[in-house]
Amino acid sequence: MDLLKNGSQRAFHALQSFLMDRVKGVVINLLISIVVVVVISMVLVSAVWLATEKMDYSPMSPGQGVTVPTHSWLKPHNVLQIVKEALLYVAALLPSDEPLTIGNLLKHRDRLAGVNYVLRACLDRAIDAFSEEPHSVQQNAKMVIHCDGQTIKFRSGHGECEISVYFLHEKIHYNVQEQTSEMYLARLSVRKEPLSLGDLLRVRHHLQAWGVLSQQLGGCLDFAVEEFAKEPFCVQDDARLVIDCDGQVLRFTSGSGKNDINVYDAQDGSLHYRIRSSGLWVGFARMFGGNKNHVQSGAKKFLQLE
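Residues numbered from 1 in each chain as written. Predicted model: local features only at pLDDT ≥ 70, side-chain atom pairs only at ≥ 80, totals over all residues. Heavy atoms only, no water.

A. Quick peek at the overall build of the protein chain. Secondary structure assignment for the protein chain yields 10 helices and 11 strands. Counting the 306 residues in the protein chain, one finds 35% classified as buried. Put simply, the protein chain shows about 18,400 Å² of open surface, and 59% of that area lies on carbon and sulfur atoms. (Helix = DSSP H or I, 4+ residues; strand = E, 2+ residues; numbered from the N terminus. Buried < 20%, exposed > 50% of the residue type's maximum accessible area, 1.4 Å probe, protein only. Areas by Shrake-Rupley, 256 points an atom, 1.4 Å probe, with all protein chains shown as cover.)

Have a look at this one:
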């Protein structure tokens, strides 16, 4: 039910952002078209002025044409000034992205002191989360902050990693859409994932979908799921799990992370599940449940999840 609710919220936000971008694009294109027409008209009027300047202003004789009066604002230097201002206006209308750096995010946040608390809070969330991203993401990302009816866009490099920060249902959301498997692995290696059986399976599925789930790492994840499912709830709800297999380190945390669990592979191919529980109650709960450290002699063939 929560998954359906979260999915509908993300879909609504994506649709809202899409429609706003389309409307904004139409308005900008219309204003640019108007400015272009004005610029062309001014150039043509200036050409007419140049033509009339060459007319003879000597006293008329029989059969001579009538001179055309001119205005000072039609003179070329005045027309050029108007064209310059129009082009500057067009440049201001064109969408542009701010440089995506921690310093620039801080600069925008400090400008909002005492002005827009919601947008400032969104920028605080963006700064905290973005500062924890790996270097490869920080140097090649596009961030869109949409809070309190305002949108600010930032870009670094080619903007291949898409980050969105938005305020929805009294909560600030920070979502990242990786575009390459390298970015997904880089983010996975530096951040802590939430810890539950569902989260372990989710990460496993994503690794497989990206095509970077080796047989050894898949076996470690399957082994971790199998053993973690046997733990009492007092362990599952307050644990820190580190999976170190096949050169990849995955970190998961639930609660305060008081129970340390390590899953790793040895040189002989065996898989190890070690836990250091906290407190007597947890120790008794594990003992009565028959839980203990386990060693698996060889990596099983990991499951192929659809």
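B. Structural detail: a nonpolar patch on the surface. The grouping of Leu280, Phe284 and Met287 at the surface amounts to a nonpolar patch, some 350 Å² of accessible area in total. Assignment of secondary structure puts leucine 280 in helix α10 (residues 280-288). For leucine 280, a relative accessible area of 69% gives the class exposed. (Patch = residues over 30% accessible without salt bridge, like charges linked within 9 Å, V, L, I, M, F, W, Y side chains within 5 Å. Salt bridge = Lys/Arg side-chain N within 4 Å of Asp/Glu carboxyl O.)

C. Geometry of the sheet that holds strand β3 (residues 150-155). The strand order β1-β3-β2-β4-β5 describes an open sheet built from five strands, whose pairing is mixed. Strands at the two margins of the open sheet, each flanked by one partner only, are β1 (98-99) and β5 (171-177). Pairing of β1 with β3, which is carried by two bridges, proceeds in the parallel orientation. Paired with proline 99 across the bridge in β3 is arginine 155. Packed on one face of the sheet, helix α3 (residues 102-111) meets β1, β2 (141-147) and β3 and runs near 160 degrees to β3. Its contacts with the sheet put helix α4 (residues 117-130) on β2, β3, β4 (161-168) and β5, and the angle it makes with β2 is roughly 155 degrees. (Pairing = 2+ DSSP bridges. Contact = heavy atoms within 4.5 Å. Axes fitted to C-alpha atoms, helices over the stretch in contact; angles between N-to-C directions.)

D. Structural view of the pairing of strand β9 (residues 259-265). Two elements, strand β7 (residues 239-245) and β9, share six bridges in a ladder whose sense is parallel. Each bridged residue has a counterpart across the sheet, and for alanine 239 the counterpart in β9 is asparagine 259. Direction of pairing for β9 relative to strand β10 (residues 271-276): antiparallel, over a ladder of six bridges. Bridge assignment links asparagine 262 to a residue of β10, and that residue is arginine 274. What sits between β9 and β10 in their antiparallel hairpin is a turn of five residues, with glycine 269 showing a positive phi close to 90 degrees.

E. Here's a closer look at the packing of α3 against α4. Orientation of α3 relative to α4, taken along the N-to-C sense of each, is 160 degrees, at an axis distance of 9 Å. Classified by the interaxial angle, the pair formed by α3 and α4 is roughly antiparallel. The interaxial crossing formed by α3 with α4 has left-handed handedness. Facing Ile102, Leu105, Leu106, His108, Arg109 and Asp110 of α3, the residues of α4 in contact are Arg120, Leu123, Asp124, Ile127 and Phe130. Here the contact of α3 with α4 is composed, by residue class, of six nonpolar, one polar and four charged. (Parallel < 35°, antiparallel > 145°, perpendicular 65-115°, else oblique. Left-handed = near helix turned anticlockwise from the far one by under 90°. Nonpolar A, V, L, I, M, F, W, Y, C, P; charged D, E, K, R; others polar.)

F. Focus on helix α6 (residues 181-190). Along α6, the residues classified as buried are Ser181, Met183, Tyr184, Ala186, Arg187 and Leu188. Looking at the packing, one finds that the buried side of α6 touches α5 (135-138), β4, β5, β6 (193-194), α7 (197-210) and β8 (248-253).

G. Geometry of the nonpolar core. Counting 27 residues, the largest nonpolar core has Leu207, Ile243 and Leu250 as the members making the most contacts within it. Listed by contribution, the elements that provide at least two residues to this core are α6, α7, α8 (215-228), β7, β8, β9 and β10. With seven residues, the top contributor of residues to this core is α8. Beyond its immediate stretch of four places on either side in the chain, isoleucine 243 contacts Leu200, Cys220, Leu221, Ala224, Gln248, Val249, Leu250, Phe252 and Val263. Counting residues in each nonpolar core, the second largest holds 23 residues, with Leu123, Met143, Ile145 and Val176 among its members. (Core = buried A, V, L, I, M, F, W, Y, C linked by side-chain atoms within 4.5 Å.)

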